[in-house]
Number of protein chains: 2
Amino acid sequence: MVVQRAAQYFVGVDVGGTKILAGLFNRSLKLLGTVKLKTKANRGGDAVLDRIERAIRELLTEHSIRLTQVRAIGVGVPGIVHQGRVFGATNIGWEDVPIRALLNRRLRRPVAVENDCNLFTLGIHTLELKRKPRTMVGVFLGTGFGGGIIINNKLYTGFNRSAGEFGQMVISKGGLKTGTGIRGSLESLASRTGIVRRLRKAVLEGGETMLQEELGAQLKGVRSRHLRQAITARDPLVRRVVRSVAEDTGLGVAAIVSAFGPEYVVMGGGVIEALHGTMLPIVRKTVESHVLPGTLDGVQIVTSALGDDGGISGAAVLARDGVAK
Amino acid sequence: MVVQRAAQYFVGVDVGGTKILAGLFNRSLKLLGTVKLKTKANRGGDAVLDRIERAIRELLTEHSIRLTQVRAIGVGVPGIVHQGRVFGATNIGWEDVPIRALLNRRLRRPVAVENDCNLFTLGIHTLELKRKPRTMVGVFLGTGFGGGIIINNKLYTGFNRSAGEFGQMVISKGGLKTGTGIRGSLESLASRTGIVRRLRKAVLEGGETMLQEELGAQLKGVRSRHLRQAITARDPLVRRVVRSVAEDTGLGVAAIVSAFGPEYVVMGGGVIEALHGTMLPIVRKTVESHVLPGTLDGVQIVTSALGDDGGISGAAVLARDGVAK
């Protein structure tokens, strides 16, 4: 005889350009375990959908849990999400995909979808800060530069669900342009892509770094951990570039603080995970010298302790609280 | 016999660096008349308080209305307002002034105080847009560069009541610095002070403008109307500077739009009043090329029709709705 138990688990999924992370949560949103798969975005949007499904099924098998025991699934994606559709998630080959309906059809469980940075912010606010700050911004430096906003204790997404796109903000008119970023924008200057571009430029101009030994003159395949290794070894070129990136990030955070007046600024993402020891003090100092007196009284500028699990944590919160978008 | 009528009027006051404008409103918030006095900030903070009182008393005398017929008075000031105190209103000589208590003692009517740009935004949102947009930002270019924010149909002021200080946002790292502004910030680049500085610099570098005939080589006392006259006369130097200022303003508005995702951006202030014909198309075009696809769908970027009366209108709304701060 099979005892039918109430659906008491939540699944949170974070779909990134390079990996898909799926996490199993109990009803108190304690993380029970994760499964990580490569996204393989180069195989196309349908393949990514297959891999999301596979990550979820593997996660459940691993914990001997049936899909019917999952109350809801939350999914974070790197694009603008509106009514269950994802727009402009070019990183994973999705121009306009009705992801909620597609996943719901495959898994027969309630699915809620939201922008990944919004979920990271929601996860930090709910699980790490216990909903204490009424107003908070999340600032994430990874492959790109993104953000999320909490206002009056709720995720704020704006009129077109596009709020928090801090990476588009220009802080250095006429400055560096990276990939699809805007010239002189935070995404061009202070994402990992921007950092790598700045390092390559410095090397082209005759600079030298220990990373050339491992990665070659083109610095092919630089990851955040390479940057951390070079910083730890006090590599002068990498230190100079990372400090400059921290200053630019500080100008961006200052602009965000002047505009929003948040109680908390929480920073995360691969670049911050790896380099916060160097970057955070410079960010704080730059913010202090670029806002009006009084603006920072009692304001916290900190890094998230959730690390890589921030995205799936927020996805689990979304799944539980049912703010299905 | 004196018939005692219910207090049915509201007074809105806008205290600026150069002038104090006081407006009388009926209970439907129709503007019945105004009185304008010079601020004479150079005489010190107490003198400014005297002149606010005088403006209100003159306004009431003009309309044969007694103070007891005034239900409440709203006051906008160029500083950060917290619990009836004004901080950092250096323009008018107020470092820390308990303006609500002081005016209440002088006039014996309920007084509500708020930042001037916040009130301008509130006035536009309530009286001009009839509270239609849930999310709106006001962007004001005058002597300085300020802003205000409506979120979920309410004035949003952030954790330290400092939200909306858009003038602090750096868009051109290492760029021009004006007065107390931050180098390369919107206030340094795109306020009237910034425009004048840019014109003077161009003249120093050998440029010529018709404004030199009237104002001398130092361009002493440039007002927004001088700039408009020069634009109308197709003065090449002024056109070039104003266009460049409009581009910078556009970069700022683009950053604000990417961050907040508002439904409406409403622009106002002396510079915009005088130059919107030249500036607004350039601002719009610059915003379009600096935000993600979809961000601007259905978004309005417009100028306010309230003009100089925006501040007192918002002050009257504050007086009526009693959001006394």
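Throughout what follows, the structure given in this document is the object of discussion. Note on numbering: residues in each chain are counted from 1, in written sequence order. For naming, the first written chain is A and the first written ligand is 1, with later ones following in the order written. Where local features are concerned, this predicted model is filtered to residues with pLDDT of at least 70; where side-chain atom pairs are given and counted, the filter is 80 or more; whole-chain, interface and lining totals use all residues. Heavy atoms throughout the structure, all of them, feed into the side-chain values; hydrogens and water do not.

1. Description of the sheet that holds strand E9 (residues 136-141) of chain A
Residue and element names in this part refer to chain A.
- At least two bridges found by DSSP between two strands are what make those strands a pair. Put simply, DSSP H or I for four residues or longer makes a helix, DSSP E for two residues or longer makes a strand, and each gets a number counted from the N terminus. Taken in spatial order, the five strands make up an open sheet running E11-E10-E9-E12-E13, and their pairing is mixed. Two strands lie at the open edges of the sheet, namely strand E11 (154-155) and strand E13 (300-303), each paired on one side alone.
- Alignment of strand E10 (residues 145-151) against E11, held across two bridges, turns out to be antiparallel. If you follow isoleucine 150 over to E11, its bridge partner there is leucine 155.
- Helix-sheet contacts for helix H3 (residues 116-128) involve E9, E10, E11, strand E12 (264-268) and E13, and the interaxial angle to E10 is about 45°. Whether two residues touch is decided by their heavy atoms; if any such pair falls within 4.5 Å, the residues are in contact. Helix axes are fitted to C-alpha atoms over the stretch in contact, other axes to C-alpha atoms as well, and angles between N-to-C directions run from 0 to 180 degrees.

2. Some thoughts on the relation of the copies chain A and chain B
- Superposing chain A onto chain B takes a rotation of 180° plus a shift of 0.0 Å along the axis, which leaves an RMSD of 0.0 Å. Taken together, the turn and the small shift mark the pair as related by a two-fold rotation axis.
- Most of the interface of chain A is mirrored in chain B, where 100% of its interface residues are also at the interface. Least-squares superposition of the copies uses the C-alpha atoms of those residues scoring a pLDDT of at least 70 in each of them.

3. Things to note about the interface of chain A and chain B
- With 41 residues of chain A in contact, the opposing surface of chain B contributes 41 residues.
- We define buried area as the total accessible area lost by two parts upon association, computed with a 1.4 Å probe and summed across both. When chain A packs against chain B, the two sides together hide about 3200 Å² of surface, and 59% of this comes from carbon and sulfur.
- Salt bridges are defined as contacts in which a side-chain nitrogen from Lys or Arg sits within 4 Å of a carboxyl oxygen from Asp or Glu. Summed over the shared surface of chain A and chain B, the number is two salt bridges.
- Between B:Asp248 and A:Lys173 there is a salt bridge, with its nearest N and O atoms 2.6 Å apart.
- N or O atoms within 3.5 Å of each other form a polar contact, as long as, within protein, one can give a hydrogen and the other can take it, and as long as residues adjacent in sequence are counted only when both atoms are side-chain atoms. Summed over the shared surface of chain A and chain B, the result is 20 residue pairs in polar contact (both at pLDDT 80 or more).
- Every element with two or more residues in the side of chain A that touches chain B is listed here: E10 and helix H8 (236-260) of chain A.
- Ranked by residue count, the leading element in the side of chain A that touches chain B is H8(A), at seven residues.
- Looking at side-chain class alone, the side of chain A that touches chain B contains 21 nonpolar, 15 polar and five charged residues. Note on residue categories: nonpolar means Ala, Val, Leu, Ile, Met, Phe, Trp, Tyr, Cys or Pro, charged means Asp, Glu, Lys or Arg, and polar means any other residue, Gly included.

4. Some details on the side chain of A:Asp248
- Within the fold, A:Asp248 resides in helix H8.
- Burial classification: accessible surface area is computed with a 1.4 Å probe over protein chains only, and a residue below 20% of its type maximum counts as buried, one above 50% as exposed, and the rest as partly exposed. A:Asp248 sits in the buried class, given a relative accessible area of 2%.
- One polar contact links A:Asp248 to A:Arg198, side chain to side chain, over a distance of 3.0 Å.
- If we ignore the near neighbours within four places in the chain, the residues touching A:Asp248 are A:Ile171, A:Leu186, A:Leu189, A:Arg198 and B:Lys173.

5. Considerations on unusual backbone geometry
- The backbone of A:Asn152 sits at a positive phi, close to 50°, despite the residue not being glycine.
- Relative to the helices and strands, A:Asn152 is located in the loop between E10 and E11.
- When its relative accessible area of 38% is taken as the criterion, A:Asn152 is described as partly exposed.
- At B:Lys130, a position not held by glycine, the phi torsion is positive, near 50°.
- Within the secondary structure, B:Lys130 sits in the loop between helix H3 (116-128) and strand E9 (136-141).
- B:Lys130 gets classed as exposed once you look at its relative accessible area, which sits at 64%.

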